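Observations on the model geometry
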Amino acid sequence: MKRVLLLGASGSIGTQTIEVILKNKDSFILSGISVGERVEIIDELIKNLANLNYFCVKNEKDYLKFKEKYPKKHFYFGDDGLIKLINECPSDIIVNALIGFIGFLPSVESLKLNKILCLSNKESLVVGGDIINKLLKEGHGKLYPIDSEHVAIAKCLYGKNINDVEKILITASGGPFFFLEKEKFKDITPCDALKHPTWSMGKKITIDSSTMMNKCFEIIEAHYLFNVSGDKIEPIVDRKSHVHSMIKMKNGDIYLQVGPSDMKLPITYALFEGKPDTSEGFMDVEKNTFDKYTFYPMDYDKFPLINYAYECLKKNGNYGAALNAANEVLVDAFLNNKIKYNTISEILDKIMKVFSYIKEVNINDLIETDKKVRELTKEYIEEYAN
Ligand SMILES: NC(=O)c1ccc[n+]([C@@H]2O[C@H](COP(=O)([O-])OP(=O)(O)OC[C@H]3O[C@@H](n4cnc5c(N)ncnc54)[C@H](OP(=O)(O)O)[C@@H]3O)[C@@H](O)[C@H]2O)c1
């Protein structure tokens, strides 16, 4: 029986992780959770899960309210609270389903404590992939991705040597605007961009999926997870999101992983530490599925943000932290109608040319970069708004 601490329990991945844990009660106990502002789920979970005793919320006022209501349980709040929660909640597995930079330090802390880290927060690897990999190498923590593409790649790689792989082909759905003319991108509203054709996800990743920043992040993620250079990782479009990724071997063989668009599959796979036979009962692929597949090449002219992946892997240092910070602020500004959709890439281009690049970085440099680039991006947004 493994004890699970779930960070980001109120989100899209978080709530699906709870479903998976409840479905596998003989294997997992939920011992702690963190939520941000959606604190409503806490009462319900306390009512139903006797072993759930550790909680972190974002705001102090919620913390004070819950501490008074449940004096025998342990409560924490804010960013420091997340780190205390990781240190004090009894756990074997930490699922990081936080969104954005906020997830980076919890990933670092989990690995410092040699936990099994099931990582949905891909931003952790974008911001500090080298630091995460160093912690894995020096300690005995483990990392399993919760991302459909990377689980697919891991499954395709079973029994194979990574040196025999010529290309990793990461599939993308293409998002809602794959067939829309580029000239019309300026008219895209948050409502249009939040309609993903195949996946139901949190708001930020849904926008990232429409701009292909999500695919850019996934290329970086694949590099750090599988130790493959950027020139061997390429996106390819499957509009149905049934093929979750492929690998092409040097001898010409292609392996692909097919399954429904259901994040509970990669969550299950990660919680069971990559055991291949854990997704039984979910599969529902029709016999004639293969007649219907059409793949498209990625359109780099329409979706130039993907190119940042390759630049990021060339530059390393604080490049990923800057890219992530600028993107987070721009996506938020777009969702709040402060900038137009096509302005996301325009401002991002400018930021990535002017931010202070540092080659050799430590964790504090990455925190500092995140702060500074957020401020810089907000200044650019103000300029565009005027
Ligand atoms: N959704 C998917 O299908 C999917 C697929 C693959 C990978 N991922 C990755 O998984 C991660 C989570 O995505 P998601 O779609 O599940 O996001 P989401 O639905 O927005 O959930 C994010 C979680 O983080 C919490 N949070 C946000 N800001 C916080 C803060 N300042 N302090 C404490 N907690 C905070 C939220 O709390 P509140 O909501 O309570 O404020 C929520 O629990 C992302 O890195 C994403 O790229 C997601």
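Our structure is the block above this text.
The structure contained in this document is the topic of the report that follows.

Cut-offs applied
- Residues numbered from 1 in each chain as written.
- Predicted model: local features only at pLDDT ≥ 70, side-chain atom pairs only at ≥ 80, totals over all residues.
- Heavy atoms only, no water.
- Salt bridge = Lys/Arg side-chain N within 4 Å of Asp/Glu carboxyl O.
- Helix = DSSP H or I, 4+ residues; strand = E, 2+ residues; numbered from the N terminus.
- Buried < 20%, exposed > 50% of the residue type's maximum accessible area, 1.4 Å probe, protein only.
- Axes fitted to C-alpha atoms, helices over the stretch in contact; angles between N-to-C directions.
- Left-handed = near helix turned anticlockwise from the far one by under 90°.
- Contact = heavy atoms within 4.5 Å.
- Nonpolar A, V, L, I, M, F, W, Y, C, P; charged D, E, K, R; others polar.
- Disulfide = S-S within 2.5 Å.
- Arc of directions from axis to C-beta.
- 1 Å grid on protein atoms, 1.4 Å probe; cavity = no way out; pocket = protein on both sides within 12 Å on 5 of 7 lines; lining within 4 Å.
- Points joined across faces, edges and corners; volume = space filled by probe spheres on them.
- Domains from an automatic or database assignment.
- Pairing = 2+ DSSP bridges.
- Right-handed = clockwise from strand over helix to strand, strands pointing away.

Moving on: the pattern of salt bridges. Across all of its chains, the model carries 24 salt bridges by this definition. A salt bridge links Lys215 to Glu149; the shortest N-O distance between them is 3.0 Å. Of the two residues, Lys215 sits in helix α10 (residues 213-226) while Glu149 sits in helix α7 (residues 148-156), which places them 66 residues apart along the sequence. A residue is classified by how much of its surface remains accessible, and Lys215, at 6% relative accessible area, is buried. Residue Asp262 pairs with Lys264 through a salt bridge whose shortest N-O separation is 3.5 Å. A relative accessible area of 19% means that Asp262 is categorised as buried.

Take the packing of α10 against helix α12 (residues 307-315) next. The geometry of a pair of packed helices is captured by two quantities: the angle between their axes and the separation between those axes. In the contact formed by α10 and α12, the axes pass within 7 Å of each other and the chain directions differ by 35 degrees. Here α10 and α12 pass one another in a crossing that is right-handed. Between α10 and α12, the contacting residues are Cys216, Ile219, Ile220, His223 and Tyr224 on the first element and Tyr308, Ala309, Tyr310, Cys312 and Leu313 on the second. Counted by class, the contact of α10 with α12 contains nine nonpolar, one polar and no charged residues.

It is worth spelling out the state of the cysteines at this point. For the coordinates displayed, the defined rule picks out zero disulfides. Cysteine Cys156 is unpaired, with the sulfur of Cys118 as its nearest cysteine sulfur at 20 Å. With no disulfide of its own, Cys312 lies closest to Cys216 among cysteine sulfurs, the gap being 7.0 Å. On the basis of relative accessible area, Cys312 is assigned to the buried category, the value being 4%.

Below, the discussion takes up α12. Residues of α12 that are buried include every one of Tyr308, Ala309, Cys312 and Leu313, and no others. Down the axis, α12 shows its buried residues gathered within 135 degrees of arc, on one side only. Here the buried face of α12 lies against α10, α13 (319-335) and α14 (341-354). Asn316 sits one or two residues past α12 and shows a positive phi near 55 degrees.

Bringing the layout of surface pockets into the picture now. Estimated volume of the second largest pocket: approximately 290 Å³. Considering the residues around the second largest pocket, the lining is formed by 17 residues, among which Phe185, Lys302, Pro304, Asn342 and Ser345 are closest to the centre. For the lining of the second largest pocket, the secondary-structure elements that each account for two or more residues are α9 (203-211), α12 and α14. A per-element tally of the lining of the second largest pocket places α14 first, with five residues. Considering only residue class, the lining of the second largest pocket consists of seven nonpolar, five polar and five charged. Looking at which domains feed residues into the lining of the second largest pocket, each of domain 2 (148-262 + 291-304) and domain 3 (317-386) gives three or more.

Turning our attention to the pairing of strand β6 (residues 116-119). Two faces, one strand: in a regular strand the side chains alternate between the faces of the sheet. Residues Ile116 and Cys118 of β6 are buried on one face, and the alternating residues Leu117 and Leu119, pointing to the opposite face, are buried as well. In this structure, strand β5 (residues 93-96) lies alongside β6, joined through four bridges in parallel fashion. From the neighbouring strand, Val95 faces β6, where its bridge partner is Cys118. With helix α5 (residues 104-112) bridging β5 and the parallel β6, this β-α-β connection has right-handed handedness. Relative to strand β7 (residues 142-145), β6 runs parallel, the two being bridged by four bridges. Bridging from a neighbouring strand, Leu119 pairs with Pro145 of β7. Assessed by its sense of winding, the connection that carries the chain from β6 through helix α6 (residues 123-138) to β7 is right-handed.

Spatially, β11-β10-β8-β9-β12 is the arrangement adopted by the five strands of the open sheet, whose pairing is mixed. Of all strands in the sheet, those with a lone pairing partner are β11 (254-258) and β12 (295-297), marking the two edges. Taking each pair of neighbouring strands and ignoring which way they run, the sheet shows an average axis angle of 30 degrees. Sheet topology places strand β8 (residues 165-172) next to strand β10 (residues 243-249); four bridges connect them, and they run antiparallel. By the bridge assignment, Leu169 is partnered in β10 with Met246.

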